[in-house]
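# Structural features, examined
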Amino acid sequence: MNRIPVWFDTDMGVDDAAALLVLNRLETVEVVGISAVAGNVELFHTYDNVRKVCRLIGSAAPVFRGADRPLFKELEIAAYVHGADGLGGAVLPPSDAPEQPLAAWDALYQAARAAEGRLEIVAVGPLTNLAIAFGKYPKLKDLVKRILIMGGAAQGGNVTPSAEFNIYVDPHAAQMVFKSGVPVVMCGLDVTEKAYLTRAEVEETGGRDTPVCRFFRDSTRELVKYHEDWGNPGLVLHDVCPVLFLEHPEIFRGQEAGVYVETRGTITTGKTVTDLWSDKEFPEKNAFVVLDVDRPAFVRLVRDAILAY
């Protein structure tokens, strides 16, 4: 099979880890590289977390250090959601894989050149690494087929009333990505908050006595409670959405739209401004905004992927 070359960019927290577990089981995908960025927690945690999870699932994908801060603002983390280490307190043995010498943006460019225009990027954290890559390598935009992100929202926010966390952490980087010329699939809060597992479904998904199932149970235990306390019906797996969109776009629904990011507003910084429902539209449709998901199919695909380890 001629698999899709995919680059995974992550601020490895709990749902990022679940996304990597699922990504590693997709039959049509080859993960050619993974880059860590600061976001949910600091870079030294996210980088170690990626390497630990790769060891757990037997992935040989090379892992690269990325940016330890946003482009133009101070880093704001979400340890209150993901725990101080980013993995909800779940314990994994350290990786013994050799560390990669290249910076994330340099490695990403090399992977894009090698893929000859076929590379797809799944980015589930702040978009700092991608922005640096596009800034350093102007030709990169012609070498990437598509960028699938978890970030933004056509309506509302989860860190401010108008902004979603990943975009808010580095809005300038997000704006560079949306203006890069590469088509973007935006899995924002509009769809991701519908992509949840109930407590019973979480227990079923992590029900086997395998290392991966134990990790899934241990890492999500506190996050399930966090989401329930906020009125959600279960564990919201935001970052799994763009991963499953790679292989199962049929379970999602959305619309083409123009999307840009507010970078200077005092109360709207980080807002993804779309023309989905406005009379005045942007000059071009640069993104596909995902708005809904077939939740039973989503749950089945997540469960099957994790139980398959």
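Below is a summary of the structure that appears in this document. These figures come from a predicted structure and were not determined experimentally.

## Description of the overall build of the protein chain
- Per the secondary structure count, the protein chain includes twelve helices and twelve strands.
- For 309 residues, the compact-globule estimate of 2.2 N^0.38 gives 19 Å, and the protein chain sits close to it at 18 Å.
- Expressed along its principal axes, the backbone C-alpha trace of the protein chain runs to roughly 55 × 45 × 40 Å.
- Split into buried and exposed, the 309 residues of the protein chain put 57% on the buried side.
- Taking all contacts inside the protein chain whose residues are at least 6 apart in sequence as the whole, residues at least 24 apart take part in 81%.
- The protein chain carries 31 positive and 42 negative side-chain charges, and their two centres are separated by 3 Å.

## Considerations on the sheet that holds strand β6 (residues 184–187)
- What the eight strands build is an open sheet, ordered β3-β2-β1-β4-β5-β6-β12-β9; its pairing is mixed. Strands with a single pairing partner mark the edges of an open sheet, and in this sheet they are β3 (63–65) and β9 (252–257). Direction aside, the axes of adjacent strands within the sheet are offset by 20 degrees on average.
- Packed onto the sheet, helix α11 (residues 240–247) meets β1 (4–10), β2 (29–36), β4 (119–123), β5 (144–150), β6, β9 and β12 (287–293) and runs at close to 145 degrees relative to β5.

## Comments concerning the pairing of β1
- Of all seven residues in β1, six are buried, a share of seventy percent or more.
- Bridge analysis of β1 against β2 gives seven bridges, and the strand direction is parallel. Bridged to Thr10 within β2 is Ala36.
- Taken together, β1, helix α1 (residues 14–23) and β2 form a β-α-β motif whose crossover is right-handed.

## Re the nonpolar core
- Counting 70 residues, the largest nonpolar core has Phe8, Leu23 and Phe298 as its most contacted members.
- Discounting residues that sit within four places of it in the chain, Phe298 has contacts with Ala195, Tyr196, Leu197, Leu237, Val240, Cys241, Leu244, Ile251 and Val293.
- By size, the runner-up hydrophobic cluster in this structure holds 42 residues, among which are Ala112, Leu143, Ile147 and Phe178.

## Regarding the pattern of salt bridges
- Evaluated as defined, the whole model comprises 15 salt bridges.
- Its salt-bridge partner being Arg65, residue Glu99 comes within 2.8 Å of it at the nearest N-O pair. With Glu99 in the loop between α3 (79–82) and α4 (104–115) and Arg65 in strand β3, this residue pair connects regions lying 34 residues apart in the sequence.
- The class for Glu99 is partly exposed, based on a relative accessible area of 46%.
- One salt bridge connects Asp68 with Arg69, and the closest N-O pair in it is separated by 2.9 Å.
- For Asp68, a relative accessible area of 39% corresponds to the partly exposed category.
- Arg69 sits in the exposed class, given a relative accessible area of 54%.
- One salt-bridge network, in which partners are shared between bridges, spans Asp275, Glu281 and Lys285.

## Some remarks on the packing of aromatic side chains
- Under the criterion given, the structure shown has six aromatic pairs.
- Where Tyr226 meets Trp230, the ring centres are 6.2 Å apart and the plane angle is 45 degrees; that geometry is what we call tilted.
- Owing to a relative accessible area of 22%, Tyr226 belongs among the partly exposed residues under this scheme.
- By relative accessible area, Trp230 is classed as exposed at 64%.
- For the ring pair Phe245 and Phe252, a centre distance of 5.5 Å and an interplane angle of 45 degrees mean the geometry is tilted. Taken individually, Phe245 and Phe252 each receive the classification buried, so the pair is uniform in this respect.
- By way of ring pairs, the aromatic residues Phe245, Phe252 and Phe288 are connected into one cluster.

Calculation notes
- Residues numbered from 1 in each chain as written.
- Predicted model: local features only at pLDDT ≥ 70, side-chain atom pairs only at ≥ 80, totals over all residues.
- Heavy atoms only, no water.
- Helix = DSSP H or I, 4+ residues; strand = E, 2+ residues; numbered from the N terminus.
- Rg over C-alpha atoms; globule rule 2.2 N^0.38 Å.
- Buried < 20%, exposed > 50% of the residue type's maximum accessible area, 1.4 Å probe, protein only.
- Contact = heavy atoms within 4.5 Å.
- Lys, Arg positive; Asp, Glu negative; His and termini not counted.
- Charge placed at Lys NZ, Arg CZ, Asp CG, Glu CD.
- Pairing = 2+ DSSP bridges.
- Axes fitted to C-alpha atoms, helices over the stretch in contact; angles between N-to-C directions.
- Right-handed = clockwise from strand over helix to strand, strands pointing away.
- Core = buried A, V, L, I, M, F, W, Y, C linked by side-chain atoms within 4.5 Å.
- Salt bridge = Lys/Arg side-chain N within 4 Å of Asp/Glu carboxyl O.
- Phe/Tyr/Trp six-rings, centres within 6.5 Å; stacked < 30°, edge-to-face > 60°.

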